[in-house]
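# Architecture and fold: a report
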There are 2 protein chains.
Amino acid sequence: MEIPDIVVGRLPIYLRALSHLESIGQTVTSSHEMGNALGISSAQIRKDLSHFGEFGKQGTGYQVKYLVDQLRRILKVGADWDIAIVGAGDLGRALANYNGFADRGFRIRAIFDSDPRRIGQTHGGHVVQDARDIGRVLPELGIRLAMVAVPAAAAQLVADHLVAAGVQGILNYAPINILVPEGVQVQYIDPVVHLQRMTFYLEAPTPNPVTG
Amino acid sequence: MEIPDIVVGRLPIYLRALSHLESIGQTVTSSHEMGNALGISSAQIRKDLSHFGEFGKQGTGYQVKYLVDQLRRILKVGADWDIAIVGAGDLGRALANYNGFADRGFRIRAIFDSDPRRIGQTHGGHVVQDARDIGRVLPELGIRLAMVAVPAAAAQLVADHLVAAGVQGILNYAPINILVPEGVQVQYIDPVVHLQRMTFYLEAPTPNPVTG
DNA sequence: TAGATTGTTAATCGATTAACAATC
DNA sequence: TAGATTGTTAATCGATTAACAATC
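As the structure is a prediction and not an experimental result, all values here were calculated from the model. (Residues numbered from 1 in each chain as written. Chains lettered and ligands numbered in written order. Predicted model: local features only at pLDDT ≥ 70, side-chain atom pairs only at ≥ 80, totals over all residues. Heavy atoms only, no water.)

### Side note on the sheet that holds strand β10 (residues 185-188) of chain B
Strand pairing in a sheet relies on backbone hydrogen bonds. The paired strands run either parallel or antiparallel. Residue and element names in this part refer to chain B. Put simply, the test is: Pairing between strands is defined by DSSP: at least two bridges between them are needed. Numbering of helices and strands runs from the N terminus, with a helix taken as a DSSP run of H or I at least four residues long and a strand as a DSSP run of E at least two residues long.
An order of β6-β7-β5-β4-β8-β9-β10 is seen for the 7 strands of this open sheet, with the pairing classed as mixed. Two strands close off the open sheet at either side, each with one partner strand: β6 (122-123) and β10. Examined bridge by bridge, β6 and strand β7 (residues 126-130) share 2 bridges and lie antiparallel to one another. Residue pairing for β7: His123 is matched across the bridge by His126.

Spelled out as structure tokens, the structure:
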């Protein structure tokens, strides 16, 4: 691999921090300032960016807007990506209603569920469609990314259908590992995993003798 | 640091996979089987586990139930942790209604919001409380973990209040980095970061000349 | 100029992997 | 026993950091 995955993984964090600086009107920053804000060494930020070119000026630092544009280009979020959501439960609906996708390169275009009671409902301006239509609708709309918010037991089957429909990237909220063909990207979001990564470092809770 | 963070980060993944095996009735597994399911080398799994003891048998592998118990102990999720949710918007409500916490070591105990229209509503059996009461309620209940599901602009202030109330771990859903005192754990969940980690590897979308 | 900061090199540090003796 | 798999060692591989010339 040309660029290490671990470097790619940090770029969205840099982009988010820089977009924030931009939004508060700051026009210039430095690797030191970014590092302080993110808890990362300035050397690492400079090294990471150096994989892609030279974006700063000695003595000055980085133009925020310019670096934002460059990172958007590198991450391919210059033009919007269309996304499908599978699962119209609480989480799927929250994602459908979330306003934070639009200005960061993504646009919800469809939402699916297999439960007849949910099909036809509207969330975030999108009518819930029958999950059986994934194979037809996604190619029609040219959708290549999906977020999976279904029960763990259904996630692998849903992923199979998505891949068959041409999806190239899956953000899986179901708390289970899924298997996909080579070349299909998968990322996971599982709050419990993150919580357990914190509790490791804390003192174990003392069970309360009253409430259990 | 004794145990590398990166090893700790994998343990919840191992635990999740093992719990899954347990749920489908499998009693024994091996580092090879786990590695295949997770896309991790068997050597890495054995090495990771070796930081904490010897849990397997040569020729046989690992007893699923025993290893689950051991990982629960190591991650300190043997007894339940109480959690507070801050933010009763779509995401906070989805978290409050999520049933996946209870059997993995966590229990929602309180939900807060600052919007008077949301205070008093009930979600997942919890009445939304005034965020101004965080400093009183959390110590009363002995809550040491919180999930933050508020707008980015409010996240730092909320984190400050949580830390002042004794919170030792924050799972931040707001798309912004927060600063906390040393010793306070922070984890981040931002779907856009994960989506951008995937789009890097894909071919950029061609803007549709009709729909934009 | 003097001060600041980049991009890059080389050294250090740490993580992963291959291999295998031990042993079930 | 024969086959399988662990736990561990040592080697390899890769990532991070310190340092600094270049230069704004």
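Structure shown, so let's carry the discussion forward.
### A few points about the protein's contact with DNA strand C
Stated precisely, the cut-off is as follows: Any residue with a heavy atom positioned within 4 Å of a molecule or strand is treated as near that molecule or strand. The definition of a polar contact used here is a pair of N or O atoms within 3.5 Å, where within protein one atom must be able to donate a hydrogen and the other to accept one, and adjacent residues in sequence count solely through side-chain atom pairs.
Around DNA strand C, the surrounding shell holds 26 residues, and the nearest of these are Ser31, Arg46, Phe55, Gly56 and Tyr62 of chain A. Considering DNA strand C, the proportion of its atoms within 4 Å of the protein that are sugar or phosphate atoms stands at 63%. A distance of 2.8 Å separates a phosphate oxygen of DNA strand C from a polar atom in the backbone of Phe55 of chain A. The side chain of Tyr62 of chain A places a nitrogen or oxygen atom 2.8 Å from a phosphate oxygen of DNA strand C. When contributions to the surface near DNA strand C are tallied by element, the ones reaching two or more residues are α2 (31-38), α3 (42-50), β2 (56-57) and β3 (61-63) of chain A together with α1 (5-23) and α3 (42-50) of chain B. Per element, the largest residue contribution to the surface near DNA strand C is 4 residues, and it comes from α3 of chain B.

### Section: the interface of chain A and chain B
You'll often see interface size given as the accessible area lost when the parts meet. Keep this limit in mind: The contact criterion used throughout is that any non-hydrogen atoms of two residues lie within 4.5 Å. Once two parts are joined, some of their accessible surface, as seen by a 1.4 Å probe, is lost; buried area is that loss totalled over both. Counted as salt bridges are all cases of a side-chain nitrogen of Lys or Arg within 4 Å of a carboxyl oxygen of Asp or Glu. Residue type decides the class: Asp, Glu, Lys and Arg count as charged, Ala, Val, Leu, Ile, Met, Phe, Trp, Tyr, Cys and Pro as nonpolar, and the leftover types, Gly among them, as polar.
In this assembly, 68 residues from chain A lie in contact with 67 residues from chain B. Surface buried jointly by chain A and chain B totals about 6300 Å² across both partners, of which 65% is contributed by carbon and sulfur atoms. On the surface where chain A and chain B come into contact, there are 4 salt bridges. The partner of Arg104 of chain B in a salt bridge is Asp190 of chain A, and the shortest N-O contact between them spans 2.8 Å. Linking chain A with chain B are 22 residue pairs in polar contact (both at pLDDT 80 or more), by the criterion used here. Looking at the side of chain A that touches chain B, its residues break down into 42 nonpolar, 15 polar and 11 charged.

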